[in-house]
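Residues per chain are reported as follows:
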Amino acid sequence: MRGIYSNTLLLLLCLATLTRGDPKVIFSPDYSLHERPPTEAGQPVVIEASINLRNILDVSEKEQIISLETTLRLYWKDSRVKPAEEYLDSTDLIGPYITLN
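Since this is a predicted model, take the numbers as computed values, not measurements.

Engineer: For this particular structure, what's the right way to read the overall build of the chain?
Structural biologist: Of the regular secondary structure elements, the chain holds one helix and six strands. Order of helices (α) and strands (β) in the chain, N terminus to C terminus: α-β-β-β-β-β-β. Expressed as a percentage of the 101 residues in the chain, the buried residues total 15%. Sequence separation of 24 or more characterises 48% of the internal contacts of the chain that already satisfy a separation of 6 or more.

Structure below.
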């Protein structure tokens, strides 16, 4: 399952860089999709997650089933991937970031 998410992320990043002539994301030469981001002394990669409930689609009390529309966001730092400065949206506690739509 982890491979699917990392492949999807890379695909989204690549598509974002191809939508215009200038890349929004810059990958370092040592970037590899199949390697986790480097950390100090081999510590685990800290991944922050948030789930946003967008809509309740259906509730079946009898069957005890609920259908929801949600957004899952995962955040982590990878020093090998940097936003191009001209596309920076903002900077927060995590650091500079861009929004990929």
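Having put the structure on the table, let's press on.
Engineer: Hey, could you run me through the pattern of salt bridges in this one?
Structural biologist: In a structure, side chains of opposite charge can pair up when their charged atoms sit close to one another. Applying the stated criterion across every chain yields a total of two salt bridges. Asp78 is paired through a salt bridge with Arg80; the nearest N and O atoms lie 2.8 Å apart. Residue class for Arg80 comes out buried when judged on its relative accessible area of 6%.

Engineer: It is not clear to me how the side chain of Arg80 should be interpreted in this structure. Could you clarify?
Structural biologist: Counting through the fold element by element, Arg80 comes out in the loop between β3 (65-75) and β4 (81-83). In terms of polar contacts, Arg80 uses its side chain to reach the backbone carbonyl oxygen of Glu35, at 3.2 Å. Ignoring anything within four residues of it in the chain, the contact list for Arg80 reads Ile26, Phe27, Ser28, Asp30, Tyr31, Ser32, Glu35, Arg36, Pro37 and Pro38.

Engineer: Honestly, the side chain of Asp78 in this entry has me stumped. Any pointers?
Structural biologist: When you line up the elements, Asp78 lands in the loop between β3 and β4. A distance of 2.8 Å separates a polar atom in the side chain of Asp78 from a polar atom in the side chain of Arg80. If we skip the residues at most four places from it in the chain, Asp78 touches Tyr31, Pro37 and Pro38.

Engineer: I keep staring at the environment of Leu68 and nothing clicks. Help me out?
Structural biologist: Here Leu68 shows up in strand β3. Leu68 gets classed as partly exposed once you look at its relative accessible area, which sits at 43%. Separated by 15 residues in the primary sequence, Leu68 and Leu53 have C-alpha atoms spaced 7.3 Å apart.

Engineer: Help me out: how do you make sense of the pairing of β3 in this one?
Structural biologist: In the case of a regular strand, side chains alternate between the two sheet surfaces. Where strand β2 (residues 48-60) meets β3, 11 bridges bridge the pair, whose relative direction is antiparallel. If you follow Ile51 over to β3, its bridge partner there is Leu72. Two successive antiparallel strands, β2 and β3, enclose a turn made up of four residues, where Gln64 displays a positive phi of approximately 55 degrees.

Engineer: Please explain the environment of Pro44 as it appears in this structure.
Structural biologist: Topologically, Pro44 is positioned in the loop between β1 (25-27) and β2. Ignoring sequence-local partners within four residues, the contact set of Pro44 consists of Arg36 and Thr39.

Rules of the game
- Residues numbered from 1 in each chain as written.
- Predicted model: local features only at pLDDT ≥ 70, side-chain atom pairs only at ≥ 80, totals over all residues.
- Heavy atoms only, no water.
- Helix = DSSP H or I, 4+ residues; strand = E, 2+ residues; numbered from the N terminus.
- Buried < 20%, exposed > 50% of the residue type's maximum accessible area, 1.4 Å probe, protein only.
- Contact = heavy atoms within 4.5 Å.
- Salt bridge = Lys/Arg side-chain N within 4 Å of Asp/Glu carboxyl O.
- Polar contact = N/O pair within 3.5 Å; in protein donor to acceptor, adjacent residues only side chain to side chain.
- Pairing = 2+ DSSP bridges.

All we've got here are geometric facts, nothing functional implied.
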